[in-house]
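# Fold and geometry: a report
One letter stands for each residue in the lines below.
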Amino acid sequence: MTTVNRLTDPDRVELGAFVLRLSLGVMFIAHAGLKYFVFTLPGTAQFFVSLGLPPDLAYFTFGAELVGGILLLLGVYSRYVALALVPILLGATWAHVGNGWTFSAPNGGWEYPAFLSVAAIVQYLIGDGVFALRRSERATRVRPLSTVRAAA
């Protein structure tokens, strides 16, 4: 008879954080690639201007998405990288809010960037995950929520 090795709660959190980290990293790199290869950086800058934003913000956004995505994939201070990228995601949410809810709407709706904003916040909250090259902080032991008590 063989024994099945069951994942502990801390193992599940670490694996979940890893999967989320990779997903966010790929998404950010893909969006940077979209800005570079499809819309072009000058075209992206022109779109930012049409929103009333400075054109230089488009170049900053592209760089943040590309570098941030790579850092997330590698697991380099992932918690803080995810948190630093939240304003970009909230900006994307704002840019698409007038287009309706679903991202399949003409010019894209706001549900996808809103969801990604929440996902990046969750990444910050749960940590780097396994296989991180540079952890944001020392791994802490995960305690069941039932053991956490509110301050009196």
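Bear in mind the structure is a predicted one, so any value in this text is a computation, not a measurement.

## Section: a nonpolar patch on the surface
A cluster of nonpolar side chains, Val26, Leu66, Val67, Ile70, Leu73, Leu74 and Leu133, forms an exposed patch at the surface whose accessible area comes to about 570 Å². No other element matches helix 3 (residues 56-74), which puts five residues into the nonpolar patch. Mapped onto the elements of the fold, Leu66 is located in helix 3. When its relative accessible area of 30% is taken as the criterion, Leu66 is described as partly exposed.

## Side note on the side chain of Lys35
The residue Lys35 is located in helix 1 (residues 9-38) in this model. You can call Lys35 buried: its relative accessible area is 12%.

## Some words on the packing of helix 3 against helix 4 (residues 78-96)
With their axes 10 Å apart at the nearest point, helix 3 and helix 4 run at an angle of 155° to one another. Of the possible angle classes, the one that applies to helix 3 and helix 4 is roughly antiparallel. Like other packed secondary-structure pairs, helix 3 and helix 4 cross with a definite hand, here left-handed. In this structure, helix 3 uses Thr61, Ala64, Glu65, Gly68, Leu71 and Leu72 to contact helix 4, whose residues at the interface are Ser78, Val81, Ala82, Leu85 and Ile88. Among the residues forming the contact of helix 3 with helix 4, the class breakdown is seven nonpolar, three polar and one charged.

## With respect to the pattern of salt bridges
Applying the stated criterion to the full structure yields three salt bridges. In this structure, Asp9 engages Arg12 in a salt bridge whose closest nitrogen and oxygen atoms are separated by 3.2 Å. Here the residue Asp9 and the residue Arg12 both occupy positions in helix 1, the gap between them amounting to three residues, near one helical turn. Residue Glu14 is joined to Arg135 by a salt bridge in which the shortest nitrogen-to-oxygen separation is 3.0 Å. Of the two residues, Glu14 is situated in helix 1 and Arg135 in the segment after helix 5 (111-126); the sequence distance between them amounts to 121 residues. Note on Arg135: relative accessible area 30%, which makes it partly exposed.

## Section: helix 2 (residues 41-50)
Along helix 2, the residues that are buried comprise Leu41, Thr44, Ala45 and Phe48. In an axial view of helix 2, the angular spread of the buried residues amounts to 100°, which keeps them on one side of the axis. In helix 2, the exposed positions that point more than 90 degrees away from the buried face belong to Pro42, Gln46 and Ser50. Elements in contact with the buried residues of helix 2: helix 1 and helix 3. Of the residues flanking the end of helix 2, it is Gly52, one or two places downstream, whose phi is positive at about 90°.

## Brief notes about the packing of aromatic side chains
All chains considered together, the criterion is met by six aromatic pairs. Note on Phe18 and Phe131: the rings are 5.2 Å apart at their centroids and 70° apart in plane angle, and the pair reads as edge-to-face. Placement of Phe18 in helix 1 and of Phe131 in the segment after helix 5 is noted, with a sequence separation of 113 residues between them. Look at Phe131 and you get exposed, because its relative accessible area is 64%. Ring geometry for Phe47 versus Phe48: centroids 6.4 Å apart, planes at 75°, classification edge-to-face. Given the relative accessible area of 10%, Phe48 is considered buried. By way of ring pairs, the aromatic residues Tyr36, Phe37 and Phe62 are connected into one cluster.

Calculation rules
- Residues numbered from 1 in each chain as written.
- Predicted model: local features only at pLDDT ≥ 70, side-chain atom pairs only at ≥ 80, totals over all residues.
- Heavy atoms only, no water.
- Patch = residues over 30% accessible without salt bridge, like charges linked within 9 Å, V, L, I, M, F, W, Y side chains within 5 Å.
- Areas by Shrake-Rupley, 256 points an atom, 1.4 Å probe, with all protein chains shown as cover.
- Salt bridge = Lys/Arg side-chain N within 4 Å of Asp/Glu carboxyl O.
- Helix = DSSP H or I, 4+ residues; strand = E, 2+ residues; numbered from the N terminus.
- Buried < 20%, exposed > 50% of the residue type's maximum accessible area, 1.4 Å probe, protein only.
- Axes fitted to C-alpha atoms, helices over the stretch in contact; angles between N-to-C directions.
- Parallel < 35°, antiparallel > 145°, perpendicular 65-115°, else oblique.
- Left-handed = near helix turned anticlockwise from the far one by under 90°.
- Contact = heavy atoms within 4.5 Å.
- Nonpolar A, V, L, I, M, F, W, Y, C, P; charged D, E, K, R; others polar.
- Arc of directions from axis to C-beta.
- Phe/Tyr/Trp six-rings, centres within 6.5 Å; stacked < 30°, edge-to-face > 60°.

Just distances and angles here, no functional claims.
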